[in-house]
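Each chain, written out:
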Amino acid sequence: MDVVIMGGGLVGASLAACLARDPNLTIAVVEKFVPPQADDPSAPLHPSYDARNTALSNGTCHVFDQLGLWQSMREYAVPIQTIDITNQGSFGRAVIRAEEERVRALGYVIENRYMGKFLMAHLQQCPNVQLLAPAEIGGLHYEGDEIVASVEIDGRWDMIKTPLVVIADGAQSQGRELLGIGADVTGYDQVAIVTAVTPDCPHNNLALERFTSTGPLAVLPQTDNRWGLTWCLDQVRADELMAADDESFMRALEQAAGSTIGNLTKVGKRFTYPLALTLAKEQVRPNVVVLGNAAHGLHPVAGQGLNMAMRDVAVLVQTLFEAKANGISWGDFKLLHGYLQQREQDQFNTIQFSDKLTKLFSNRNPLLSLARNSGLLLFDTLQGTKRFVARHAMGRSVSTTLPEVVA
Ligand SMILES: Cc1cc2nc3c(=O)[nH]c(=O)nc-3n(C[C@H](O)[C@H](O)[C@H](O)COP(=O)(O)OP(=O)(O)OC[C@H]3O[C@@H](n4cnc5c(N)ncnc54)[C@H](O)[C@@H]3O)c2cc1C
């Protein structure tokens, strides 16, 4: 097997699909949960392909397009024409418009379950991908210059030997544990409430990023004129809002989000997600790459977790295809370290930005809150957010063009 990918979530499945473009490669994806049933609302939620809605940068859409998946996903995706960044309780505002940036859209919003539906259906049709699900890796050990993964499927064990194991099993990664790779985890004392709400006015493809004293709030345009909500709050307030009836929840949201959101008439099922910054202490080892949330799980404030991971995927695929053309083993540490070096700067900038922005708008320290409400800091923050979002949303920061397949 050329590669074993532990975790078939958004990142692991996307990597598998990118590599599968070369028909000479063999790829195993070991996923703990059964593939999602996007069309069956009563089916249990899959950990990756769940109720969340994700703002995809144009760079991420470009990856899906090269995989031939974007045309199908696009039917369930809504283009973002305008991003309105505001701070609750002040007049400061930064607006990004697609036409001013000379792009068709500033990105697209899609529900995770639809990405899962198309990614999984695609992998199931790739003859060179073995999708092992539900299955688990119980051990990883070195044998010569390769790694052997012990995989449990239906109560029986299989040994798969490979030069490269990619750990992509999410922030609470068992893969990291199996390899003894530690992680720094910093809690934000916040959870995100995720749901969809329907306004009484057209959403006009507008996305709202609003900073409030209790945490940031992202409102994204969705299909059927719904807003997709990611509302980050401390646990106590989140518990109150989760327990509130629909009417009270919608009125509280209208108050926090401001008048642009309109009068809300309907709210969907609510879910919560704990928020933390999780950074793996190592992203590469001989024969190992740690990817996606297993490598870096971010606060969703800047909508960058998946988008940044997809930039990692594009560079990793480029690195591996070049190595194959040059007869270099995929387990070669120098090769994998070279991949990481190419990604370090973008990862650092993105992680720092997301983390600082979250802390600035979450800390209850009175001095910080004074500074936060002062015009200058607000202006800097809104303009900084605008520059960052514009650059990353449109996928201009790092190329996500996949390499040509040389048969
Ligand atoms: C509320 C919220 C909103 C977000 N919004 C955005 C956004 O707008 N834009 C953006 O770019 N990012 C966003 N993100 C981040 C994005 O969701 C993550 O970056 C993305 O899900 C990471 O994918 P992943 O495949 O690395 O991990 P996961 O999605 O966690 O998937 C891990 C996969 O591994 C499987 N698995 C787990 N354990 C094992 C095991 N032992 N063996 C085998 N398989 C296993 C799981 O079943 C799952 O399929 C958001 C996150 C949150 C919480």
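Above this text you will find the structure in question.
Calculation notes
- Residues numbered from 1 in each chain as written.
- Predicted model: local features only at pLDDT ≥ 70, side-chain atom pairs only at ≥ 80, totals over all residues.
- Helix = DSSP H or I, 4+ residues; strand = E, 2+ residues; numbered from the N terminus.
- Buried ≥ 20, exposed ≤ 12 C-beta atoms within 10 Å, placed from the backbone.
- Contact = placed C-beta atoms within 7 Å.
- Pairing = 2+ DSSP bridges.
- Axes fitted to C-alpha atoms, helices over the stretch in contact; angles between N-to-C directions.
- Core = buried A, V, L, I, M, F, W, Y, C linked by C-beta atoms within 7 Å.
- Domains from an automatic or database assignment.
- Near = placed C-beta within 6 Å.
- Right-handed = clockwise from strand over helix to strand, strands pointing away.
- Expected span 1.5 Å × (residues − 1).
- Bend = angle between axes of the 7 residues up to and from the residue.

1. Observations concerning the overall build of the chain
Of the regular secondary structure elements, the chain holds twelve helices and 21 strands. Buried residues in the chain amount to 46% of all 407 residues. Expressed as a percentage of contacts within the chain between residues at least 6 apart in sequence, the contacts between residues at least 24 apart total 76%.

2. Section: the pairing of strand β5 (residues 82-87)
Where β5 and strand β6 (residues 93-97) come together, five bridges link them in antiparallel fashion. Across the sheet, residue isoleucine 83 finds its bridge partner in β6, namely isoleucine 96. Of the strand pairs in this sheet, β5 and strand β14 (residues 206-212) are connected by six bridges, and their pairing is parallel. Within β14, the residue paired with threonine 82 across the bridge is leucine 206.

3. Regarding the sheet that holds strand β8 (residues 129-132)
In space, the six strands of this open sheet follow the order β8-β2-β1-β12-β20-β19, with mixed pairing throughout. If you trace the sheet from one side to the other, it starts and ends with β8 and β19 (284-285), each paired once. Relative to strand β12 (residues 165-167), strand β1 (residues 3-6) is paired through three bridges, and the arrangement is parallel. Residue pairing for β12: valine 4 is matched across the bridge by valine 165. Set on the sheet, helix α1 (residues 10-19) makes contact with β1, β2 (27-30), β8 and β12; between it and β2 the angle comes to about 170°.

4. A look at the nonpolar core
Counting 106 residues, the largest nonpolar core has Ile5, Leu15, Ala16, Val166 and Leu291 as the members making the most contacts within it. In terms of residue count, the dominant contributor to this core is helix α9 (residues 305-325) (eleven residues). When residues of this core are sorted by domain, at least three fall in each of domain 1 (3-79 + 110-185 + 276-393) and domain 2 (188-274). Those residues in contact with leucine 15 that lie beyond four places of it in its chain are Ile5, Val166, Ala168, Leu291, Val313 and Leu316.

5. A look at the site of the ligand
Taken together, 35 residues form the shell around the ligand, and within it Gly7, Gly9, Gly170, Gly292 and Gly305 come nearest. Of all the secondary structure elements, the ones that give two or more residues to the shell around the ligand are α1, β3 (53-56), β9 (135-143), β13 (183-199) and α9. Sorting elements by how many residues they give to the shell around the ligand places α9 first, with four residues. When we break the shell around the ligand down by domain, the ones giving at least three residues each are domain 1 (3-79 + 110-185 + 276-393) and domain 2 (188-274).

6. A look at the pairing of β1
In summary, the side chains of a regular strand alternate between the two faces of the sheet. Because side chains alternate across β1, one face comprises the buried residues Val3 and Ile5, and the other comprises Val4 and Met6, equally buried. Pairing analysis gives four bridges linking β1 to β2, with the strands arranged parallel. Pairing of valine 3 across the sheet is with isoleucine 27, part of β2. Handedness of the β1-α1-β2 crossover: right-handed.

7. Comments concerning the sheet that holds strand β10 (residues 146-153)
The strand order across the open sheet formed by three strands is β9-β10-β11, and the pairing between neighbours is antiparallel. Looking along the sheet, the strands with just one partner apiece sit at the ends: β9 and β11 (156-162). Across this sheet, the average inter-strand angle for adjacent strands is 20°, counted without regard to direction. The sheet contact formed by β9 and β10 spans eight bridges and is antiparallel. Along β10, the bridge assignment pairs glutamate 136 with glutamate 152.

8. Considerations on helix α10 (residues 333-360)
Given a rise of 1.5 Å per residue, 28 residues ought to cover 40 Å, and the 38 Å separating the end C-alpha atoms of α10 matches this to within 8%. At arginine 343, α10 shows its maximal kink, close to 45°.

These values are about where atoms sit, not about what they do.
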